[in-house]
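Spelled out, the chains give:
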Amino acid sequence: MAFIAFNKSVRGYQHLLNCTVMQDSSGSWSSPDGRFHIAAAADGHGDRLCARSDRGSAFAIRAAMDALRSFADSYSKNPGVISERLMRERRSGCGGLFPPPLMNHLARCIVSAWRRMVISDAGSSPLTLWEKLLMSDVHDVFHLYGTTLIAALVLDGKHLLLLQQGDGHAAVFFKGGGGSQPELCCSFGEIPWDPRCRGNITTSMCSADAASGIRWSVADLGKRPLIGVFLGSDGIEDSFPKDRAGGTHDLYRTLLLTAMLQRWQQSFAGGGWQSIVQGMEDYLGRYLPGLSMDGSWDDVTVSAIIDPDLAERLSPESAGGLSLPVCCIEDPGSFGGSAAPGAVRAERERGRRVLRGEPVPRRKGRLRLPGAHGLLVHSRGRLFLRSPPERDSGSIT
C-alpha cells in the first residue's frame, strides 16, 4: 500500500464579507521512504476574546506535526516495542480524561510545544492595547490563541493514531469484506466524543486540562486495511443539513473517487505520487470556497491520508452513484468559456436540490468536470465513471 497525504484550508465566506483573516490551519507530511504519513487540521475559535486564534491554529499544526514526526522517528528505531505498547494501550480502551502513558506523553508534547510557541509569539509581538483589555477579561495569554486540533498518523501501514482536542470530526474508511474488490466501511466514531463539545461550545488547546483532555484512538491496520482518513473542521460538517447525516460521508467518498481518477490520470500521464497530491489540493481549492458559500459560511478545512491503490479497486457498488455536491461546479471561466453563465447557475440549483433530497428533473446532456479530465461525469445528480478516459477540457453538451 502506498499512502499519500494532502490538505487544504480555505477562508470562509463570512470572513471574506467581513474582511477578517482565516482562522483554520492545516498540514500534511509524508516521509521520503513512504512509511509514515501525517495529517492535521486546526480551527481557531475566532471569538472576540481570542484575538490571535489564527496564529494559535497555525501553532497547533506545527506542534502536532513536530511531535508526530518525532514519534514516527522513535517508531522507526524500535518498531516492535512501540507496536506492542500501542496495542496494549488500545486494548485498555480509548478515552481522553485519563490517557495511558504513551498517548499521554504524546499529548503533553503537543500541548507543551504549542504553549511555548504562544509564549514566544506574545514576547516577540507585544500585545496591543485592545488585546491587553481582553487579557483583563480572560486573565490568560493562551486564551487569546485558542484553537481546536485534530491529527492523524499512519505508522508504516500498520497502525493509525488519531488525536483530537475540541470539535471537528474524523471520517475513517476501512476495507470491508473479503473479496478482491474492497468495500467501504466508514467510521465516524473512531475518536470518542467529548460531551463538553456541543453547539458553539468546545474544549480547546488553551484549556488548563488541554493535555489530559485530548481524546485518542489507535487502529490496527493489519486487521482493517485503511483506505483513507479525512479530518475536517466544523465548517465542513455545518455545511450540510442536520437531517442529512450522510452529507459529510458522501463528500469524503467523492474525494476518494477523485483520488482514484487522479491515480488513473497519473498512470496514463506518467506523473509521480506528488502529482496526485497536487491534483487533490487543486481540486479542494476549487471545491471548498463554494461549499463555504453555499453552506456554513465558515472557514473550511480538509486534511487527509488515503491509499489511492485501494481506492482504485473500489467496487462499483461502493464507489458509484454518489451525489455530487453543487460546489464542485466551477465558474464559467474554468470551462474555457464554453459554458454559459445561465447553464452554470442552473447546475448549481440542481445541486442544491440534490443536497436537500428533492426530486431533480432530467437534464438533456451531461456535464463533464474538467478537473477529472472527462473521467468524472455528473448526470442527473449522480456521479458516473467513464472508460476509457477522454482527454478534453470539459464542456456542457
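All values reported here derive from a predicted model rather than from experimental measurement.

What follows concerns the sheet that holds strand β8 (residues 215-220). As summarised here, the arrangement of the five strands in space is β2-β3-β4-β5-β8, forming an open sheet in which the pairing is antiparallel. Looking along the sheet, the strands with just one partner apiece sit at the ends: β2 (24-30) and β8. The mean inter-strand angle of the sheet, taken between neighbouring strand axes irrespective of direction, is 5 degrees. Bridging between strand β4 (residues 149-155) and strand β5 (residues 159-165) involves seven bridges; their strand directions are antiparallel. Bridging across to β5, A151 finds its partner in L163.

Between helix α2 (residues 53-77) and helix α4 (residues 101-124), the least distance of the axes is 9 Å, while the angle of their chain directions is 140 degrees. Here α4 runs oblique to α2, going by the angle between their axes. Handedness of the α2/α4 crossing: right-handed. Judged by residue contacts, R55, G56, F59, A60, R62, A63, A64, D66, A67, L68 and F71 of α2 engage L102, L106, C109, I110, A113, W114, M117, V118 and D121 from α4. Here the contact of α2 with α4 is built from residues that sort into 15 nonpolar, one polar and four charged.

This next bit is on the packing of aromatic side chains. For the coordinates displayed, the defined rule picks out seven aromatic pairs. Summarising the aromatic geometry, the rings of F36 and Y75 are spaced 6.0 Å apart at their centres and angled 85 degrees between planes, so their arrangement reads as edge-to-face. One end of the pair, F36, is in strand β3 (residues 36-43); the other, Y75, is in helix α2, and 39 residues separate them in sequence. On the basis of relative accessible area, F36 is assigned to the buried category, the value being 5%. Looking at Y75, the relative accessible area reads 0%, which means it is buried. One aromatic cluster is present, built from ring pairs that chain together F173, F230 and Y252.

About the criteria used
- Residues numbered from 1 in each chain as written.
- Predicted model: local features only at pLDDT ≥ 70, side-chain atom pairs only at ≥ 80, totals over all residues.
- Heavy atoms only, no water.
- Pairing = 2+ DSSP bridges.
- Helix = DSSP H or I, 4+ residues; strand = E, 2+ residues; numbered from the N terminus.
- Axes fitted to C-alpha atoms, helices over the stretch in contact; angles between N-to-C directions.
- Parallel < 35°, antiparallel > 145°, perpendicular 65-115°, else oblique.
- Left-handed = near helix turned anticlockwise from the far one by under 90°.
- Contact = heavy atoms within 4.5 Å.
- Nonpolar A, V, L, I, M, F, W, Y, C, P; charged D, E, K, R; others polar.
- Phe/Tyr/Trp six-rings, centres within 6.5 Å; stacked < 30°, edge-to-face > 60°.
- Buried < 20%, exposed > 50% of the residue type's maximum accessible area, 1.4 Å probe, protein only.

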